[in-house]
Every structure is written in C-alpha cells, then in structure tokens.
Amino acid sequence: MKTVTVPFFISHQGCPHTCVFCDQRAISGADGILPTPGEIRSRITLWRSTAGGRPLEAAFFGGTFTALPEEIQSSLLEPLQPLLASGMLDAVRISTRPDYLDAARVRWLSHRGVRTIELGVQSMDDGVLAASGRGHTSGDSLRAIRCIKEEGLKAGAQLMPGLPGDSPALSLYSLEQVISSGADFLRIYPTVVLRGTALAERYAAGEFVPLSLERGISLCAQLLQRAMKAGIPVIRIGLQADAGLDADAMLAGCWHPALGQLVRSRLYADLIKRVVPFGSGATLYCHPARLSDVIGMGRSTVLALAGSGGDIPVLADAALALEELNVKTEISCVTYSIIKDLNYSIHEV
Ligand code: SF4
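The numbers attached to residues start from 1 for each chain and follow its sequence in the written order. It should be noted that, the model being predicted, local features are given only for residues of pLDDT at least 70 and side-chain atom pairs only at 80 or more, the latter also being counted only at that level, while totals for whole chains, interfaces and linings use all residues. With hydrogens and water set aside, each side-chain value is computed from the structure's full complement of heavy atoms.

A. How the structure looks around the site of the ligand. Whether a residue is near a molecule or strand depends on its heavy atoms: if one lies within 4 Å, it is near. The local shell around the ligand holds ten residues, among which C15, H17, C19, C22 and R97 are the closest. Any residue that is not Ala, Val, Leu, Ile, Met, Phe, Trp, Tyr, Cys, Pro, Asp, Glu, Lys or Arg is counted as polar, Gly included; the first ten are nonpolar and the last four charged. Here the residues of the shell around the ligand sort into four nonpolar, four polar and two charged.

B. Representation of the sheet that holds strand β1 (residues 4–9). Here we have seven strands laid out as an open sheet, ordered β1-β2-β3-β4-β5-β6-β8, and parallel in their pairing. On the outer flanks of this sheet lie β1 and β8 (234–237), each paired with one strand and no other. The sheet shows a mean angle of 20° between the axes of neighbouring strands, taken without regard to direction. Its contacts with the sheet put helix α5 (residues 103–110) on β3 (91–96) and β4 (114–122), and the angle it makes with β4 is roughly 140°. Every residue pair with non-hydrogen atoms within 4.5 Å of one another is taken to be in contact. What counts as an axis is a line fitted to C-alpha atoms, over the stretch in contact for a helix, and the angles between N-to-C directions run from 0 to 180 degrees. Put simply, DSSP H or I for four residues or longer makes a helix, DSSP E for two residues or longer makes a strand, and each gets a number counted from the N terminus. With respect to the sheet, helix α10 (residues 213–230) is in contact with β6 (185–188) and β8, its orientation differing from that of β8 by roughly 170°. For two strands to be treated as a pair, DSSP must find at least two bridges joining them.

C. Structural detail: the layout of surface pockets. Looking at the second largest pocket, its volume works out to about 580 Å³. Put simply, the parts of the chain that give the lining of the second largest pocket at least two residues each are β1, β2 (56–61), β4, β6 and β8. Of the residues that constitute the lining of the second largest pocket, the class distribution is six nonpolar, four polar and nine charged. In this analysis a 1.4 Å probe is tested at points of a 1 Å grid over the protein atoms alone, and where it fits but cannot get out there is a cavity; an open set with protein on both sides within 12 Å along at least five of seven lines is a pocket; lining residues have an atom within 4 Å of a point. Grid points are joined across faces, edges and corners, and a volume is the space filled by probe spheres set on the points.

D. Spatial organisation of the environment of I179. For I179, the location among the structural elements is in helix α8 (residues 168–181). Burial classes follow relative accessibility: with a 1.4 Å probe on protein chains only, a residue under 20% of its type's maximum area counts as buried, one over 50% as exposed, and anything between as partly exposed. Accessibility expressed as a relative area gives 15% for I179, which makes it buried. Once the C-alpha coordinates of I179 and I232 are considered, the two residues, 53 residues apart in sequence, prove to be 7.4 Å apart. Residue contacts for I179: discarding those within four places in its chain leaves R226, A227, A230 and I232.

E. Local environment of the pattern of salt bridges. Only one rule defines a salt bridge in this text: a Lys or Arg side-chain nitrogen within 4 Å of an Asp or Glu carboxyl oxygen. A full pass over the atoms with the stated rule returns 15 salt bridges. Here E118 makes a salt bridge to R93, at a shortest N to O gap of 2.6 Å. In this pair, E118 is assigned in strand β4 and R93 in strand β3, connecting sequence segments 25 residues apart. Both residues of the pair, E118 and R93, count as buried. One salt bridge in this structure joins R97 and D99, with 2.9 Å as the shortest N-O distance.

F. View of the environment of L80. As for its placement among the helices and strands, L80 is situated in helix α4 (residues 80–86). For the pair L80 and A205, spaced 125 residues apart in the sequence, the C-alpha separation amounts to 47 Å.

G. Local environment of the side chain of T66. Within the element layout of this structure, T66 appears in the loop between β2 and α3 (70–77). For T66, a relative accessible area of 10% gives the class buried. Whenever two N or O atoms come within 3.5 Å, that pair is a polar contact, provided that in protein one can donate a hydrogen and the other can accept it, and provided that, for residues adjacent in sequence, both atoms are side-chain atoms. Side chain to side chain, T66 and T96 meet in a polar contact 2.6 Å long. Within the structure, the side chain of T66 is placed 2.5 Å from the backbone oxygen of Y100, a separation counted as a polar contact. Those residues in contact with T66, other than ones at most four positions away along the chain, are Q73, I94, T96, Y100, L101, R105 and L109.

H. Representation of empty space enclosed by the protein in the model. One pass over the full model with this rule turns up one cavity of 30 Å³ or more. Approximately 60 Å³ is the volume found for the largest cavity. Lining the largest cavity are Q122, S123, L159, M160, P161, D166, S171, S174, I188 and L223. Partitioning the lining of the largest cavity into residue classes produces five nonpolar, four polar and one charged.

By themselves, these are just geometric observations and shouldn't be taken as functional.
Listed below in structure tokens is the structure:
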C-alpha cells in the first residue's frame, strides 16, 4: 500500500552553509518558520482522516535537520511520539547534509521514529562539490549512507547533475557511487540557476553554463536507465513546481514542470527509434500507467514516428511490465524493455 507523506518544510533552518545554487526560500516555498507542535499534530490528524488505511509518514524537507540545535530537533519530533505510539502515524522522514550525521545521531533519530534519511549528496566528485560550495566531501556521503544502513534505516540520495565542474561522465560516476554505497532510492534534480544565488552571478558573468532542457533530459534519461538497471527507484526527477519556485525565480537550467515524464518519454522514444521497423505499420502496446510516456507530451513521439513512416497506434496492455514495450506487426510480435534493450553511451549527451 502506497505511503502518504505529510510534508513539513523547514526551509533554510539549521543550515550554516550557502551552496552556490541554493535559495532555500525559493526551493521550498516556505519562509523559514518552523511548524509549532500544535500545527504538526493538527496537520497529521487532518491527513490521517483522508489517508484511509494507507501508512502515513511525516517528512521534514528542506534545510538541514540534523544541524538544528538538538532542542529544536526534539521539539519537531516529540509531538510525533504519541501519534507514532497510537498508530496514527507510521514513520518519520528527514533530509539533511552528509556531514551532519554520524552513528550516534542516526540512532537518536531512529529512537524517535525516523525510518528514512535523505542526504543531499549532489555529486560524488570532490572537485564538483568544492566548486559548488558544498563544504563536504564524497567521503562524508559514503560515511553517512553507511551509518544509516547500519542502523537499519532507509537511505535516500539526492543528486544534482550539471553543477559547476560537472560533466555527463562525472554525473554517471556519482550515480554509480551512490548505487554501490547501498542507497535505497534516489532523487535527481538537474541544476537550475535561481535568481539571487552565487550561481546566478557566475551565470551572468558567463562563468557557468547550465545544462539546457534538452541536454538535461538526455542525461537524466541515461541516469534513470542506469538506476533502473540496478533496481534503485528514482522517486523524483526535477524540482517540484510550487508557489515559491516560479518562472521569475529561475534564470536558466534544466527545468520543466513535468521533467520526470519528459525523461521517461525519452527512454521509450529512443527504444522505439531503435526497434520499430521503418514503415512497418506496427502497433505498440505498453503498461496502462506508461501510455502517456510512450505517446510523448503533445503526442511528440507518435507524431515524430508518423512523420517517418505512418501513424503508429499505442494501446494499453496491463500484462506488460512498466518498462516493457510490445511491438506487433503483421509478421512479428516482440516485447522489448527500456532497461535491457537500450545501450547508451554517455558521450551521446
Ligand atoms: S546545504 Fe542545503 S540548505 Fe544549506 S545552502 Fe546547501 S543546498 Fe541550501
């Protein structure tokens, strides 16, 4: 049963750093005020009433949870304890920096109901981390993931392709490193230049060239496929569109409100280009949940194929796996997979 997440944005609270790309107020849409115990309790009670029997998880996003003074961390977690004890709430999730976590802190969090810790890893290349003002190293990320796993909690890793000094090969390297470190899931946030950040100044001075939307989609498709091959879920691609992250805040970079769909569509479009015979009159079948990805935004994939060989119908078949595509022609019926039947070279980005 899918878990319902009750989000609490704690914005820039607790973070003593200023990464070159960061404007937490714009990213979280929050103004930096911490929720009160009463607000925490009432929001969870409200969400419990609409979640049915699904598991409920309170999540503190943004900022650096474990850099907050311990009394503030306690003031956020203590109101949850009776809710956890009564079964109204099932788990707690926090996000933090890799260098603000050790075994003792993970245990402290675990004893207070935290079951998932997301880390802002961003890159596993120390040159990229330094050029981005992160203030931690790849070794800090490896240590933090190990501490989380040793306590039996879930570790999430956030990656940011396209940071200063990054390249497609280094982005792939970062992904491989977090996969082999044992991360349970990933978020991929291609770098966006936000107004008012140090990165915006570098961009204006011509010192930083961000990923374009097209190159970002192409790179993220390859990262997603690699994660799928490793069996690691990518739970989000691209920053969430909300009131605080509007077009005015974004100066440049790879961003689209439906970036995840564009990236999945790219995988299917690349597979179709490689396996659907030109002018074959094929019919395509995919899992119902993947219809819009296969057809493409604005029917882009289907229209592109129509231009080169006639209209291609796309139909749903619930017997297929999410990653499969069945291609039927008058003389053949073959099932392909975006995991097994696409072989990218990172140089194609
Ligand atoms: S560590 Fe996180 S919250 Fe702090 S400045 Fe960097 S990106 Fe922003």
